[in-house]
Amino acid sequence: MMTLRENAMAIYEHRQPDFYGDIMEAIELVPDPLLMECLIPPDGLPHKDAWGVSWILKEGAPGQHPHITDENKVIKDIEKWEEYVKVPGFDHLDWSLAEQVTASVDRREKMVGFMCAGGLFERSHFLMGIEDALCAYLENPDEMKALLRVIADYKITYIRLVAEKLHPDIIFYHDDWGSKQNVFLPPRVWREIIKPLQKEIADTIHACGMLYMHHADCICQPIVEDMVEIGVDIWQGVIAQNDIVKIQEVTKGKLAMVGGIDGPAIDISNITEEEIRQEVRRAVDTYCPAGRFFPGIPNGECFLKWNDGIWRDELKKYGRQYAIEHPIKENS
């Protein structure tokens, strides 16, 4: 019987697994010192992070969110961005918990993962608000290139530091490039401003001996071939609103993917158990035949406890059944 790590790598390498399931089961995410220092209480009040961005967390909310207004946004004039942006350092970070958790992981059983949140696009709109950011990408491309250069250098330095201190197997890099309808930026603009810097980040991850898993639970279909060119090893968060089968065709097996189960469609109260199980089976039957696919919910879970238990139970059963009934032939 394979360990969780061995099973995940079998799917990743398009070899025969014991079962098909979410790769996150095989990854132990260690606490990110940067992220830990940015956690805020659920008091609904604004709290600033190291970049000066205001965040709020309301009680019962699934997570904290940037709270950007005309008064508190960091960059008030993109043409003078250098006057507003103060890049934080790393010398003050406490690595003790991350090192302790990393040391406790049995790497024969699981991979060590490090979540690298707030990518180039996300950090840019955190600093000025999404409206100003989208306008700036179109109207002030030179200023945005310069701003993202600074953010990319910050990310690259941190990734190298993480590799030196923790030696993770995989970087779980977060940057949502779209919505459920489309990518946020015209692909031409994304390719001109974000793509070259993202490739530098990918190259850094690989040079440090780690896999690059990119989280974007949104539409990325217009740029998937670019993601392959950049060096994204795994796309985590593939929502069913993408034409996943078409993506598998155009990327020619070069992009492993995680997701496919339509979480919002089954995370509702007026749904039957069979409908939830059917959606899980649909995703497995539709996307696993092409290989290198990890079925799962793009955002990781259903928020309704009963629904969450049902889809997990079905994937555990059907993911194993599918692997047995659809063996991968050698050299396939």
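Residues numbered from 1 in each chain as written. Predicted model: local features only at pLDDT ≥ 70, side-chain atom pairs only at ≥ 80, totals over all residues. Heavy atoms only, no water.

Student: What am I meant to see in the overall build of the protein chain here?
Tutor: A count of helical and extended segments in the protein chain gives 14 helices and 10 strands. The C-alpha radius of gyration computed for the protein chain amounts to 20 Å, which stays within 12% of the reference 20 Å derived for 332 residues, consistent with globular compactness. A total of 332 residues make up the protein chain; the buried ones form 51% of that total. Within the protein chain, contacts between residues at least 6 apart in sequence are counted, and of these 68% link residues at least 24 apart. One finds the centroid of the 35 positive side-chain charges in the protein chain at a distance of 3 Å from the centroid of its 56 negative side-chain charges. (Helix = DSSP H or I, 4+ residues; strand = E, 2+ residues; numbered from the N terminus. Rg over C-alpha atoms; globule rule 2.2 N^0.38 Å. Buried < 20%, exposed > 50% of the residue type's maximum accessible area, 1.4 Å probe, protein only. Contact = heavy atoms within 4.5 Å. Lys, Arg positive; Asp, Glu negative; His and termini not counted. Charge placed at Lys NZ, Arg CZ, Asp CG, Glu CD.)

Student: What should I look at first to understand the sheet that holds strand S10 (residues 293-296) in this one?
Tutor: Sheet strands associate in pairs through backbone hydrogen bonding, adopting either a parallel or an antiparallel arrangement. In spatial order, the strands read S1-S5-S6-S7-S8-S9-S10; together these seven strands make up an open sheet with parallel pairing. Among the strands making up the open sheet, the edge pair consists of strand S1 (27-30) and S10. The sheet shows a mean angle of 25° between the axes of neighbouring strands, taken without regard to direction. Looking at chain direction, strand S7 (residues 211-215) and strand S8 (residues 234-238) are connected through three bridges and run parallel. Bridge pairing in S8 links His-215 to Gln-236. Each of strand S6 (170-174) and S7 touches helix H9 (residues 195-207); the most contacted strand, S7, lies at about 140° to it. (Pairing = 2+ DSSP bridges. Axes fitted to C-alpha atoms, helices over the stretch in contact; angles between N-to-C directions.)

Student: Please clarify how the sheet that holds strand S4 (residues 65-66) should be interpreted in this entry.
Tutor: Read across the open sheet, the three strands follow the order S2-S3-S4; overall the sheet is antiparallel. Looking at strand neighbours, the two that pair on one side only are strand S2 (47-48) and S4, the edges of this open sheet. In this sheet, S4 lies alongside strand S3 (residues 54-56) in antiparallel orientation, the contact comprising two bridges. Within S4, the residue paired with Ile-56 across the bridge is His-65.

Student: How do you make sense of the environment of Arg-160 when you look at a structure like this?
Tutor: One can find Arg-160 in helix H7 (residues 141-166). Each C-alpha atom of the pair Arg-160 and Trp-55 lies 27 Å from the other, and the pair is 105 residues apart in sequence. If sequence neighbours within four positions are ignored, Arg-160 has contacts with Thr-204 and Cys-208.

Student: How should I be thinking about the packing of helix H5 (residues 120-128) against H7 in this particular structure?
Tutor: Axes are the key here: two packed helices are described by the angle between their axes and the distance separating the axes. Relative orientation of the contacting elements H5 and H7 amounts to 115°, with a least axis distance of 10 Å. For the element pair H5 / H7, the angle class is roughly perpendicular. Taken as a pair, H5 and H7 cross one another with a handedness that is right-handed. Where H5 approaches H7, its residues Leu-120, Arg-123, Ser-124, Leu-127 and Met-128 are matched on the opposing element by Met-144, Leu-147, Leu-148, Ile-151 and Ala-152. (Parallel < 35°, antiparallel > 145°, perpendicular 65-115°, else oblique. Left-handed = near helix turned anticlockwise from the far one by under 90°.)

Student: Quick question: what am I supposed to make of the nonpolar core here?
Tutor: Among soluble globular proteins, nonpolar side chains are generally buried collectively. One finds Tyr-137, Leu-147, Leu-148 and Trp-235 to be the most contacted residues of the largest nonpolar core, which totals 107 residues. No other element matches H7, which puts 13 residues into this core. Contacts of Tyr-137, omitting those with residues within four sequence positions, involve Leu-120, Phe-121, Ser-124, Met-144, Leu-148, Leu-185, Val-189, Ile-193 and Ile-194. (Core = buried A, V, L, I, M, F, W, Y, C linked by side-chain atoms within 4.5 Å.)

Student: How do you make sense of the pairing of S10 when you look at a structure like this?
Tutor: The side chains of a regular strand alternate between the sheet's two faces. Burial of the side chains of S10 extends over both faces: Phe-293 and Pro-295 are buried on one face and Phe-294 and Gly-296 on the other. With four bridges connecting them, strand S9 (residues 256-260) and S10 associate as parallel partners. In the sheet register, Val-258 faces S10, and the bridge partner there is Phe-294.

Student: Looking at this structure, how should I read the pairing of S8?
Tutor: When you tally the buried positions in S8, you get five out of five residues, the bulk of the element. Each parallel crossover has a hand, and the one from S7 via helix H10 (residues 224-230) to S8 is right-handed. As for the winding sense of the linkage, the β-α-β connection from S8 through helix H11 (residues 244-251) to S9 is right-handed. (Right-handed = clockwise from strand over helix to strand, strands pointing away.)

Student: Help me understand helix H1 (residues 4-12), please; the structure alone is not making it clear to me.
Tutor: Every α-helix carries 3.6 residues per turn, so stepping three or four residues along brings you back to the same face. What H1 keeps buried is the set Asn-7, Ala-8, Met-9, Ala-10, Ile-11 and Tyr-12. Its buried side turned inward, H1 meets strand S5 (111-116), S7, S8, S9 and S10. Within two residues after H1, His-14 carries a phi angle of roughly 55°, on the positive side.

Student: How do you make sense of the packing of H5 against helix H6 (residues 130-139) when you look at a structure like this?
Tutor: Relative orientation of the contacting elements H5 and H6 amounts to 120°, with a least axis distance of 7 Å. Comparing their axes, H6 and H5 come out oblique. Remark: the crossing between H5 and H6 carries right-handed chirality. Only Ile-130, Asp-132, Ala-133, Leu-134, Ala-136 and Tyr-137 of H6 make contact with H5, whose side of the interface consists of Leu-120, Phe-121, Ser-124, His-125 and Met-128. Tallied by class, residues from the contact of H5 with H6 come to eight nonpolar, two polar and one charged. (Nonpolar A, V, L, I, M, F, W, Y, C, P; charged D, E, K, R; others polar.)

Student: Whenever I open this one, the pattern of salt bridges confuses me. Can you help?
Tutor: Side chains that carry opposite charge are capable of pairing whenever their charged atoms lie near each other. Taken as a whole, this structure holds 23 salt bridges when the rule is applied. Arg-281 is paired through a salt bridge with Glu-274; the nearest N and O atoms lie 2.4 Å apart. Its relative accessible area of 22% is what places Arg-281 among the partly exposed residues. Residue Glu-274 is classed as partly exposed on the basis of its relative accessible area of 44%. When salt bridges that share partners are traced, they join Glu-273, Glu-274, Arg-277, Arg-281, Asp-313, Glu-314 and Lys-317 into one network. (Salt bridge = Lys/Arg side-chain N within 4 Å of Asp/Glu carboxyl O.)

Don't take any of this as a statement about function, it's just geometry.
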